[in-house]
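Geometric and topological summary
The chain contents come next:
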Amino acid sequence: MYSRNPEISVVVPVYNAGEYLAPCIRSVLNQTFADFELILIDDASTDNSLQVCNAFDDPRIRVIAKSRNEGVSFARNSGIDAAKAGFITFLDADDRLHPRFLETLYLASQDGFDISIANFTRVSPKSHINEEPFIIDKPLTHEEYSPEELIEKGLYQELLINSNCGVLYPTTIFHDFRFPAIRYEDLDSFYKLFFRARRIAYFAVPLYAYTVNPGSYTQTFSPERAVVLDVTERIVEYMSENCHRLVPAAQDRALSAAFNIFNLIAEHGVELPDVERRCKSTILRYRWSSLCNRRVRLKNKLGIMITYIGGFRLLKLVARLCKIS
């Protein structure tokens, strides 16, 4: 089924993903819900990605080839600008959708939900290319959340919902919003988009397959990852100004980011004194309130206790020992 005014726009930023791209595209074309357009944004790839995009003969596919590489945020924003549908969803080029992904989330939108979200499953690159990554043995039911409730669960990391992939949005939600051109753009934007909704549906059954690629940004370490400290502090500031009830959750998310970056520095043995000092400052600022907070996960509380017992030298030692083991 092809419509000049499709119901859903599926936006896929593509950059040097030729090895993974074909299964990704097929997972969209094989959807049980057929009234969509697939917008492939080639971000000036230097491999065969553009050729893979153009190899599919389907009228629902539109390929936009950019002349220079600008990053995933610019690619997504280009997809938003090009979208013709009333709903929009984002898919990474090395991931896959369950055949009922669009149908399930679209039906939720027709039931009065402003945003609908699917859980995800992690798969290996081999599974992404050669195997069926989904095992659905439960009914496709959903839980209803208010934006505040779901953002809180995301900040406490009780639900991993801070990705903009695996989500069906009304296209109007992006009327005056575009993704920031930074690392951790998903974390920097998910709560702002959620606050624009009234009712959100969350499907616990995994309908989105996230490929754990060893060479991807999230699976490697570089000093650029310290930008997450800026992102999480912005969340604290936002909640302080707009939703005071979520300040403890935002502070705990900032604490988590500081622990993560501090531990990564220790594990990799790199010298980043300014970043390390900033991590320490954040941990010291939020550790007592998080220790007394029932919602804070055990991993953070153990890190807090280590800093009280043996300080940051012990925390660094533990991080290195965990890396070795």
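Residues numbered from 1 in each chain as written. Predicted model: local features only at pLDDT ≥ 70, side-chain atom pairs only at ≥ 80, totals over all residues. Heavy atoms only, no water.

1. A few points about the packing of aromatic side chains
- Following the criterion strictly, the structure yields 15 aromatic pairs and no others.
- On the basis of an interplanar angle of 55° and a centroid distance of 6.3 Å, the ring pair of Phe174 and Phe177 is categorised as tilted.
- Relative accessible area serves as the criterion here: at 9%, Phe177 is assigned to the buried category.
- A connected cluster of aromatic rings, assembled from ring pairs, spans Phe90, Tyr169, Phe174, Phe177 and Phe179.
- Positioned over the ring face of Phe113 is Arg199, at 4.1 Å from the centre of the ring.
- Cation over ring: Arg285 sits above Tyr286, and NZ or CZ is 4.9 Å from the ring centre. (Phe/Tyr/Trp six-rings, centres within 6.5 Å; stacked < 30°, edge-to-face > 60°. Buried < 20%, exposed > 50% of the residue type's maximum accessible area, 1.4 Å probe, protein only. Lys NZ or Arg CZ within 6 Å of the ring centre and 35° of its normal.)

2. Structural notes on the side chain of Ser256
- With respect to the element layout, Ser256 can be found in helix H9 (residues 247-268).
- There is a polar contact of 3.0 Å between the side chain of Ser256 and the side chain of Gln157.
- Once residues lying within four places of it in the same chain are set aside, the contact partners of Ser256 are Gln157, Arg297 and Asn300. (Helix = DSSP H or I, 4+ residues; strand = E, 2+ residues; numbered from the N terminus. Polar contact = N/O pair within 3.5 Å; in protein donor to acceptor, adjacent residues only side chain to side chain. Contact = heavy atoms within 4.5 Å.)

3. Looking at the nonpolar core
- Counting residues in hydrophobic clusters, the biggest one holds 99 residues, and the most contacted among them are Tyr169, Phe174, Phe194 and Met239.
- Considering every element that reaches this core, the biggest residue donor is H9, with 12 residues.
- Apart from the residues lying within four places of it in its own chain, the contact partners of Tyr169 are Gly86, Phe87, Ile88, Phe90, Ile115, Asn164, Phe174, Leu193 and Phe194. (Core = buried A, V, L, I, M, F, W, Y, C linked by side-chain atoms within 4.5 Å.)

4. A short note on the pattern of salt bridges
- Scanning the entire structure with this criterion turns up 25 salt bridges.
- Among the salt bridges present, the one from Glu70 reaches Lys66, with a minimum N-O distance of 2.9 Å.
- Look at Lys66 and you get buried, because its relative accessible area is 18%.
- Between Glu158 and Arg295 there is a salt bridge, and its shortest N-O distance comes to 2.8 Å. Highlighted residues: Glu158 in the loop between helix H6 (147-155) and strand E8 (167-170) and Arg295 in the loop between helix H10 (273-291) and helix H11 (298-324), separated in sequence by 137 residues.
- Looking at Glu158, the relative accessible area reads 35%, which means it is partly exposed.
- We classify Arg295 as partly exposed; its relative accessible area is 31%. (Salt bridge = Lys/Arg side-chain N within 4 Å of Asp/Glu carboxyl O.)

Purely spatial values, then, with no claim about function.
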